[in-house]
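Residues per chain are reported as follows:
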Amino acid sequence: MALRKVFPDGPAVPRHLPTVTGKGEAVLRVARERYAELDPATRPVSEPYDPGQVRMAVALFGFAVLDRIDDRIMTDWSRPAPEFVDGPGE
């Protein structure tokens, strides 16, 4: 976006996501096995996440972890942006 503002008529370079490799998938699988106690699908609801575990849990198991921490996190995230009306006297 910054380059588009500086060079509005210049070529746009599409974002390329990293290639998924077998080695990367294996590392992810091993990490999920190692930290299986963080999986929200198998973790008891009554067992809270330690603040130090949250980042790893979200990285390995996705945003479902945030629902287990506090429902307000995802509610606030998906809240529509307020509409501002510019007009006289405002």
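Let me begin by describing the structure that accompanies this report.

How each quantity is defined
- Residues numbered from 1 in each chain as written.
- Predicted model: local features only at pLDDT ≥ 70, side-chain atom pairs only at ≥ 80, totals over all residues.
- Heavy atoms only, no water.
- Helix = DSSP H or I, 4+ residues; strand = E, 2+ residues; numbered from the N terminus.
- Areas by Shrake-Rupley, 256 points an atom, 1.4 Å probe, with all protein chains shown as cover.
- Phe/Tyr/Trp six-rings, centres within 6.5 Å; stacked < 30°, edge-to-face > 60°.
- Lys NZ or Arg CZ within 6 Å of the ring centre and 35° of its normal.
- Salt bridge = Lys/Arg side-chain N within 4 Å of Asp/Glu carboxyl O.
- Buried < 20%, exposed > 50% of the residue type's maximum accessible area, 1.4 Å probe, protein only.
- Polar contact = N/O pair within 3.5 Å; in protein donor to acceptor, adjacent residues only side chain to side chain.
- Contact = heavy atoms within 4.5 Å.
- Core = buried A, V, L, I, M, F, W, Y, C linked by side-chain atoms within 4.5 Å.
- Arc of directions from axis to C-beta.

Details of the overall build of the protein chain
Consideration 1: Scanning the protein chain from N- to C-terminus turns up 5 helices and 0 strands.
Consideration 2: Beginning at the N terminus, the succession of helices and strands in the protein chain can be written as α-α-α-α-α.
Consideration 3: Within the structure as shown, the protein chain displays about 8,100 Å² of accessible surface, and the carbon and sulfur contribution to it stands at 61%.

Things to note about the packing of aromatic side chains
Consideration 1: Applying the stated criterion to the full structure yields 0 aromatic pairs.
Consideration 2: A cation over an aromatic ring shows up here: Arg43 above the ring of Tyr49, its NZ or CZ 4.2 Å from the ring centre.

So, the pattern of salt bridges
Consideration 1: Applying the stated criterion to the full structure yields 1 salt bridge.
Consideration 2: Here Glu47 ties to Arg43 by a salt bridge, and the two come within 3.5 Å at their closest N and O atoms.
Consideration 3: Residue Glu47 is classed as partly exposed on the basis of its relative accessible area of 39%.
Consideration 4: Of the residues examined, Arg43 reaches a relative accessible area of 7% and is grouped as buried.

A short note on the side chain of Arg43
Consideration 1: Structurally, Arg43 can be placed in the loop between helix H2 (22–34) and helix H3 (54–61).
Consideration 2: A distance of 2.9 Å separates the side chain of Arg43 from the backbone oxygen of Pro48, its partner in a polar contact.
Consideration 3: Leave out the neighbours within four places in its chain, and Arg43 touches Glu37, Leu38, Pro48, Tyr49, Gln53 and Arg68.

Overview of the environment of Phe63
Consideration 1: With respect to the element layout, Phe63 can be found in the loop between H3 and helix H4 (64–69).
Consideration 2: Linking Phe63 and Pro40, residues 23 residues apart in sequence, is a C-alpha distance of 9.7 Å.

Digging into the nonpolar core
Consideration 1: If you look at the biggest cluster of nonpolar residues, it comprises 8 residues: Ala31, Leu38, Tyr49, Val54, Ala57, Leu60, Phe61 and Val65.
Consideration 2: The element contributing the most residues to this core is H3, with 4 residues.
Consideration 3: Once residues within four sequence positions are removed from consideration, Tyr49 is found in contact with Leu38, Asp39, Pro40, Arg43, Val54, Ala57, Val65, Arg68 and Ile69.

A short note on H3
Consideration 1: Of the positions making up H3, those classed as buried are Val54, Ala57, Leu60 and Phe61. An end-on view of H3 places all buried positions within 140 degrees of arc, on one side of the element. More than 90 degrees from the buried face of H3, the exposed residues found are Arg55 and Ala59.
Consideration 2: Next to the buried residues of H3 lie H2 and H4.
Consideration 3: Directly beyond the C-terminal end of H3, a positive phi value near 85 degrees is found at Gly62.

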